[in-house]
Amino acid sequence: MSEHDKDVDAATGVETTGHEWDGIRELNNPLPRWWLYIFYITIVWAVVYWIFMPAWPALPGMGTNTPGIRNHSDRALVAESIDALRSARAENGAALIEASVEDILADQDLRQFAMAAGESAFGDNCATCHGAGGRGAPGYPTLADDVWLWGGGLDEIQHTITYGVRQENMESRFSMMPAFGRDQVLSAEEITNVAHYVRTLSGLEEPSDASIAGQEVFEWNCVACHGEAGTGDQFQGAPDLTDRDWLYGSDMATVQATIYNPRNSAMPAWGERLDETTVKALAVYVYALSGSEG
Amino acid sequence: MTALKPTPPSDAQPMYKKREPVHPKLVSGKFRSFKFAFMALALAVYYGLPWIRWDRGPDAPDQAILFFADGKFYFGPIEIWPQEVYYITGILILSSLGLFLVTSLFGRVWCGYACPQTVWTDLYIAVERFFEGDRNKRIKLDRAPWTFNKIWRKVAKHAVWLLIAAATGGALVFYFHDAPSLAYNFFTGHAPTTAYVFVGILTFTTYSLAGTMREQVCTYLCPWPRIQAALTDEDALNVTYRWDRGEPRGPHKKSETWEGRGDCVDCNACVTACPMGIDIRNGAQLECIHCALCIDACDDIMKKVGRPTGLIAYDTDKNVELRAAGKPAQKFRLFRPRVIIYAVLISAITALMAYGLFTRSTFELNVLKDRSPSFVQLSDGRIQNGYAIKLVNKRIDPKNIRLEVTGIEGADVSLVGEEHGDLDVEIPGEGVTRFRMIIKIPENAVDGNDRLRIVAIDTETGEQDANFIPFSSPRRN
Ligand code: SF4
Ligand code: SF4
């Protein structure tokens, strides 16, 4: 191409790139040379990087990507920091094992640690049945209130969590309400009457002929566990029938059904699945949900 | 876009340009002296600042200026937490406004005297001059073959440059760690890896930016010259060649008259003195960092030829034009609208930040109500809500905090794990302490969504932080 083909800017005497945008032309000033060198350095850097760091994806027959001589792995680094976290937690965790649950609750630091650990363990293991924050569901006790079947003290909660309810182990919380209907201990009429009576205990019903008849049935069959006044017994996991709290429901049909064929529901022995630290943390957390022993 | 003939790179115009070495000649004069003095001051501040101590009590760092120590910034008595990082933003905004203000008052003095690039380049040139001599000797040495004399001078120069570079990087990391202990650990090999990495990076950047790239940093890399263009107007004080007086230029013999010609004797002293390698007589240029060394150079010549100094001087474009048109020059107007606007903005932001700093709290109360369950009814019929409480203590010393809950009669408030009803707690310094709060209220005192006010009171100082918290209950019909 001959010299006069070039488009030279009159003001600066510099060639332009020959491109024009709305009358604006770009000067073709030379780049500083070091700029070029930096570009070369980046190319060298890329090669160095391939050598040291994982870079190339797996080629057929290779199985994995090129590891690089530094053998760098983000996955290993994550595992390492998780280990570091574990050992950092181990210190507080060891303190949890040594201290009693009462001491844990009373100590500001241990309490906060146990609450945090307990909250996450609760979410993983307990919330499926008891609901987030221990809100409860029909058949699954609410843990945020002051009604406790097996006792709401710290030690009692710890025991219940560790050994479970109606499990095979010897320490497990255990009781069985007889199936008054299915096993034909009571007639259908007796069941209906005693159900009416039970509902009068917490003011759900006014006393009636049926409930008065039911009271006699109650005194013969139920007081051994639920107590003369129907206030329950935490040693046997017998619910208080005089309060507003109903595990399965308070309507007539549910109460009748429970007496006819009780559900006797169970809870796993978490001591068999979780370590002692976690169980203690759970006990503190569950206790703190309600903050009252009932 | 219309495509003209594309121009392929020709032999005449290379694709890449080699750096043309600049060998500024040492000048003497008031600006040169001031620049050396300012360089000494700037370096002293940079190296010395991290060593100044500031007593903050036993458990806190005692370094006056410390950045990012546990995420916090310390400036003497002021301590800035990560969540208050907007103060740092404020300082940056103030810095740039300050730069604008100074620029509109005195021209581009930042570039000329204070910019680290300028200070360190000046220092590096001084080292170069020490080993290789002044301009002419350096040019000669560069052209000379590699004799022993050349080799030792070059090696010594680069060695000293590297030392300065390492010391520069070394000083920077002291701003981020306790200086005395870091200094000890650094040389015994126990400092954190980041310290070594940053010293390495800064050694490299200092050496290459001040040693080998120099004026190219200002010309190609730095955004400030571009911004500068927007800040300059015909009222701006710039290092200016007064062409009204200098032209027509030309060599001058002692015997000749000064009538009918300009004062510039075309001696090139201003060009050889220029660290940017430009000719100020071509007018205001992006490359010019306004270091005023050409003023010193020219004043020297003017004295020698017996003409008044100030052929090159701090002046405004407007005045040059006025004088060229035969009119008297104006006095420099200090109070121009832009100066006033910058000053007002700076004062306003400073006042705002100072107000924020002096009234900021030393602790914080955060309350989060349980969502699940939103409430429970207790066996005695009362309604219970649970809350997660966070008390943030921003001071080093522990605090005694009393919580008070008001708004509904008969509310029974307790903190789990504390004595029932005891709402006085001690919280450790520098951190977040969490509590679980339980509130029980008789059913007939609440209706659906009620509101309580919770106040945390520092029992010593009386400082308070209050929150409104909801209390959920079944709606009564
Ligand atoms: S032209 Fe003058 S003021 Fe500008 S950089 Fe060169 S010596 Fe400094
Ligand atoms: S130093 Fe002064 S007299 Fe010499 S060329 Fe520059 S402007 Fe002209």
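To be clear, the structure that these remarks concern was listed above.
Residues numbered from 1 in each chain as written. Chains lettered and ligands numbered in written order. Predicted model: local features only at pLDDT ≥ 70, side-chain atom pairs only at ≥ 80, totals over all residues. Heavy atoms only, no water.

Details of the overall build of chain A
Next up, step 1: Within chain A, the regular secondary structure consists of 10 helices and three strands.
Next up, step 2: Reading chain A from its N terminus to its C terminus gives the helix and strand order β-β-β-α-α-α-α-α-α-α-α-α-α.
Next up, step 3: Excluding contacts between residues fewer than 6 apart, the proportion of contacts in chain A whose partners are at least 24 apart in sequence is 53%.
Next up, step 4: Only carbon and sulfur atoms are counted for the fraction: they give 56% of the accessible area of chain A, which is about 17100 Å². (Helix = DSSP H or I, 4+ residues; strand = E, 2+ residues; numbered from the N terminus. Contact = heavy atoms within 4.5 Å. Areas by Shrake-Rupley, 256 points an atom, 1.4 Å probe, with all protein chains shown as cover.)

Side note on the site of ligand 1
Next up, step 1: What surrounds ligand 1 is the set Val239, Cys274, Pro275, Met276, Ile278, Ile280, Cys288, Ile289, His290, Cys291, Ala292 and Cys294 of chain B.
Next up, step 2: Within the shell around ligand 1, the residues separate by chemical class into 11 nonpolar, one polar and no charged. (Near = heavy atom within 4 Å. Nonpolar A, V, L, I, M, F, W, Y, C, P; charged D, E, K, R; others polar.)

What to know about the site of ligand 2
All names here are of chain B.
Next up, step 1: Lining the immediate environment of ligand 2, one finds Tyr241, Cys264, Val265, Asp266, Cys267, Asn268, Ala269, Cys270, Arg281, Cys298, Met302 and Ile312.
Next up, step 2: Elements supplying a minimum of two residues to the shell around ligand 2: α12 (269-273) and α13 (293-305).
Next up, step 3: Its residues placed into classes, the shell around ligand 2 shows nine nonpolar, one polar and two charged.

Examining the packing of helix α5 (residues 154-163) of chain A against helix α10 (residues 276-290) of chain A
Residues and elements named next belong to chain A.
Next up, step 1: Between α5 and α10, the least distance of the axes is 9 Å, while the angle of their chain directions is 130°. The angle between α5 and α10 falls in the class oblique. Between α5 and α10 lies a crossing whose hand is right-handed. The residues of α10 that touch α5, namely those facing Leu154, Ile157, Gln158, Ile161 and Thr162, are Val279, Lys280, Leu282, Ala283, Val284, Val286 and Tyr287. (Axes fitted to C-alpha atoms, helices over the stretch in contact; angles between N-to-C directions. Parallel < 35°, antiparallel > 145°, perpendicular 65-115°, else oblique. Left-handed = near helix turned anticlockwise from the far one by under 90°.)

Side note on the environment of Ser172 of chain A
All names here are of chain A.
Next up, step 1: Structurally, Ser172 can be placed in the loop between α5 and α6 (188-201).
Next up, step 2: When neighbours within four sequence positions are excluded, Ser172 is seen to be in contact with Tyr163, Gly164, Val165, Arg166 and Gln167.
Next up, step 3: A polar side-chain atom of Ser172 sits 3.1 Å from the main-chain carbonyl oxygen of Gly164. (Polar contact = N/O pair within 3.5 Å; in protein donor to acceptor, adjacent residues only side chain to side chain.)

As for the sheet that holds strand β5 (residues 78-80) of chain B
All names here are of chain B.
Next up, step 1: Pairing is antiparallel across the open sheet formed by three strands, whose spatial order is β3-β4-β5. In this open sheet, the two strands that pair with only one neighbour each are β3 (65-69) and β5. Taking the axes of each pair of neighbouring strands and ignoring which way they run, one obtains an average angle of 10° across the sheet.
Next up, step 2: Summarising the sheet, β3 and strand β4 (residues 72-75) pair through three bridges and their orientation is antiparallel. Residue Ala69 lies in a different strand from β4, and its bridge partner there is Lys72. (Pairing = 2+ DSSP bridges.)

As for the sheet that holds strand β16 (residues 464-472) of chain B
All names here are of chain B.
Next up, step 1: Here four strands make up an open sheet; going across it, the order is β13-β11-β15-β16 and the pairing antiparallel. Edge positions in the open sheet fall to β13 (424-427) and β16, since each of these has one partner strand only. Between one strand axis and the next, the sheet turns through 30° on average, direction left out of account.
Next up, step 2: Where strand β15 (residues 449-458) lies against β16, nine bridges are found, and the strand directions are antiparallel. If you follow Ile454 over to β16, its bridge partner there is Asn467.

Concerning unusual backbone geometry
Residues and elements named next belong to chain B.
Next up, step 1: A cis amide bond, omega -10°, links Glu247 with the succeeding residue Pro248.
Next up, step 2: Assignment of secondary structure puts Pro248 in the loop between α11 (243-246) and α12.
Next up, step 3: Cis geometry is found at the peptide bond from Ser372 to Pro373, where omega equals -10°.
Next up, step 4: Position of Pro373 relative to the elements: it lies in the loop between β8 (363-369) and β9 (376-377).
Next up, step 5: In the Ramachandran plot, Asn268 falls in the positive-phi region, its phi being about 70° despite a non-glycine side chain.
Next up, step 6: Here Asn268 is to be found in the loop between α11 and α12.
Next up, step 7: The phi angle at Glu430 is positive, at roughly 50°, despite the residue not being glycine.
Next up, step 8: One can find Glu430 in the loop between β13 and β14 (431-441).

Let's talk about the interface of chain B and chain A
Frequently, the measure chosen for interface size is the accessible area removed from exposure when the parts meet.
Next up, step 1: Listed per partner, the contact involves 40 residues of chain B and 44 residues of chain A.
Next up, step 2: A buried area of about 3600 Å², summed over both sides, lies between chain B and chain A, and 54% of it is on carbon and sulfur atoms.
Next up, step 3: For the pair chain B and chain A, the interface holds two salt bridges.
Next up, step 4: Glu418 of chain B is paired through a salt bridge with Arg111 of chain A; the nearest N and O atoms lie 2.8 Å apart. (Buried area = accessible area lost by both parts, 1.4 Å probe. Salt bridge = Lys/Arg side-chain N within 4 Å of Asp/Glu carboxyl O.)

Considering α10 of chain A
Next up, step 1: Taking 1.5 Å of rise per residue, the 15 residues of α10 of chain A would be expected to cover 21 Å, and the 22 Å separating its terminal C-alpha atoms lies within 8% of that figure.
Next up, step 2: The buried fraction of α10 of chain A is high, at 13 of 15 residues. (Expected span 1.5 Å × (residues − 1). Buried < 20%, exposed > 50% of the residue type's maximum accessible area, 1.4 Å probe, protein only.)

Structural notes on the nonpolar core
Next up, step 1: If you look at the biggest cluster of nonpolar residues, it comprises 45 residues, and the most contacted ones within it are Val239, Ile280 and Ile312 of chain B.
Next up, step 2: Where this core is concerned, the elements lending two or more residues are α2 (86-106), α3 (109-114), α10 (224-231), β6 (238-241), α12, α13 and α15 (337-359) of chain B.
Next up, step 3: With seven residues, α13 of chain B is the single largest residue contributor to this core.
Next up, step 4: Residues contacting Ile312 of chain B, with those up to four places away along its chain left out, are Val239, Thr240, Tyr241, Cys270, Ile280, Cys294, Ile295, Cys298 and Asp299 of chain B.
Next up, step 5: Grouped together as the second largest cluster of nonpolar side chains are 34 residues, Leu143, Leu274 and Leu282 of chain A together with Ile438 of chain B included. (Core = buried A, V, L, I, M, F, W, Y, C linked by side-chain atoms within 4.5 Å.)

What about the packing of helix α4 (residues 116-132) of chain B against helix α5 (residues 135-143) of chain B?
Residues and elements named next belong to chain B.
Next up, step 1: Viewed as axis vectors pointing N to C, α4 and α5 meet at an angle of 70°, and their least axial separation amounts to 9 Å. Judged by the inter-axis angle, α4 sits roughly perpendicular to α5. Contact residues: α4 offers Ile125, Glu128, Arg129 and Glu132, while α5 offers Lys137, Arg138 and Leu141.
Next up, step 2: A class-by-class count of the residues in the contact of α4 with α5 yields two nonpolar, no polar and five charged.

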